[in-house]
Amino acid sequence: GYPIVTRLKATAASACALLAWLASTPPAPAIAAAPSEAALLKAAFVFNFTKYAEWPEGVFAAPDSPIWLCLLTAHGDATQAMRTIDGRNSKGRVLRVKVVEDMGELKSCQIVFVEQGGSGSLRRALISLGAAPVLTVGDGENFATRGGIIELQASGQRLGFAVNIDAAKRAGVR
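Only a predicted model underlies this, so the values are computations on that prediction, with no experimental measurement involved.

S.K.: Whenever I open this one, helix α2 (residues 37-52) confuses me. Can you help?
M.R.: In this model, α2 (16 residues) spans 23 Å end to end at C-alpha, consistent with the 22 Å of a helix rising 1.5 Å per residue. Inspection of α2 places Ala 39, Leu 41, Lys 42, Ala 43, Ala 44, Phe 45, Val 46, Phe 47, Asn 48, Phe 49 and Thr 50 among the buried residues, and these make up the whole buried set.

S.K.: Sorry if this is basic, but what is going on with the environment of Gln 153 here?
M.R.: Among the secondary structure elements, Gln 153 is positioned in strand β7 (residues 150-155). On the basis of relative accessible area, Gln 153 is assigned to the buried category, the value being 12%. The sequence separation of Gln 153 and Glu 141 amounts to 12 residues, and the corresponding C-alpha distance is 7.7 Å. Looking at Gln 153, its side chain comes within polar contact range of the side chain of Glu 151, at 3.3 Å.

S.K.: How do you make sense of the nonpolar core when you look at a structure like this?
M.R.: Membership of the largest hydrophobic core comes to 33 residues, with the highest contact counts inside it found for Leu 69, Ile 85, Phe 113, Leu 135, Val 137 and Leu 152. Among residues more than four places away in sequence, those in contact with Leu 69 are Val 46, Met 82, Ile 85, Leu 95, Arg 96, Val 97, Lys 98, Ile 111 and Phe 113. The next biggest cluster of nonpolar side chains, apart from the first, holds 14 residues, and it includes Cys 70, Leu 122, Ala 132 and Phe 143.

S.K.: How do you make sense of the side chain of Thr 50 when you look at a structure like this?
M.R.: Looking at the element boundaries, Thr 50 is found in helix α2. In terms of polar contacts, Thr 50 uses its side chain to reach the backbone carbonyl oxygen of Phe 47, at 2.5 Å. A polar atom in the side chain of Thr 50 sits 2.7 Å from the side chain of Ser 90.

S.K.: Before we go on, may I ask you to explain the pairing of strand β8 (residues 158-164) in this structure?
M.R.: A regular strand carries its side chains on alternate faces of the sheet. Most of β8 sits inside the fold, with 6 of its 7 residues counted as buried. Here β7 runs beside β8; their pairing, made up of 6 bridges, is antiparallel. What sits directly across from Leu 152, in β8, is Phe 161. Linking β7 to β8, which pair antiparallel, is a turn of 2 residues; within it Gly 156 sits at a positive phi near 65 degrees.

S.K.: Please explain the pairing of strand β2 (residues 67-72) as it appears in this structure.
M.R.: The element β2 is largely enclosed, with a buried count of 5 among its 6 residues. Taken together, the 4 bridges between β2 and strand β5 (residues 111-114) define a ladder with parallel strand orientation. Counterpart to Leu 69 in the pairing with β5 is Ile 111.

S.K.: Looking at this structure, how should I read the environment of Thr 145?
M.R.: By the secondary structure assignment, Thr 145 is in the loop between β6 (135-138) and β7. A C-alpha to C-alpha distance of 9.1 Å links Thr 145 and Ala 162, two positions 17 residues apart in sequence. From its side chain, Thr 145 meets the backbone oxygen of Asn 142 in a polar contact 3.1 Å long.

Definitions and limits used
- Residues numbered from 1 in each chain as written.
- Predicted model: local features only at pLDDT ≥ 70, side-chain atom pairs only at ≥ 80, totals over all residues.
- Heavy atoms only, no water.
- Helix = DSSP H or I, 4+ residues; strand = E, 2+ residues; numbered from the N terminus.
- Expected span 1.5 Å × (residues − 1).
- Buried < 20%, exposed > 50% of the residue type's maximum accessible area, 1.4 Å probe, protein only.
- Polar contact = N/O pair within 3.5 Å; in protein donor to acceptor, adjacent residues only side chain to side chain.
- Core = buried A, V, L, I, M, F, W, Y, C linked by side-chain atoms within 4.5 Å.
- Contact = heavy atoms within 4.5 Å.
- Pairing = 2+ DSSP bridges.

Structure follows, in structure tokens:
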């Protein structure tokens, strides 16, 4: 059957608050054209997931070890927006963002983001990760039902997310 999926929607007020928060901090160095507001909102959601996610004991080598957000499909708007959260502090840890091309590196990440259009990347990533304690997040259609943990879902002016509870349990991430 289908995995258990929970859906939540952001209100316009929460979306505005997240965008205001992003706007209140120094921008990351420009690499190309600035990411869209929708992409920046996705980055804000991913950053907020770091505040609430809990990884199993032993995932971090030290109390001050960074949280690694690894990006697959590193050429799109959402991926560029993820770079704007690099260096932010979450629960006493610095969030670091890097592009990963070698699937073997994924187990060293705490979060893997797969941008829309990366369905082949999702399949390869899930095979590589197995049951590793890594939070997988993506914005592609049916990301959660295909085995990812959190699927970002845009609906008009709203952004919500679906959580694949079974996949989260397999990874040991709460």
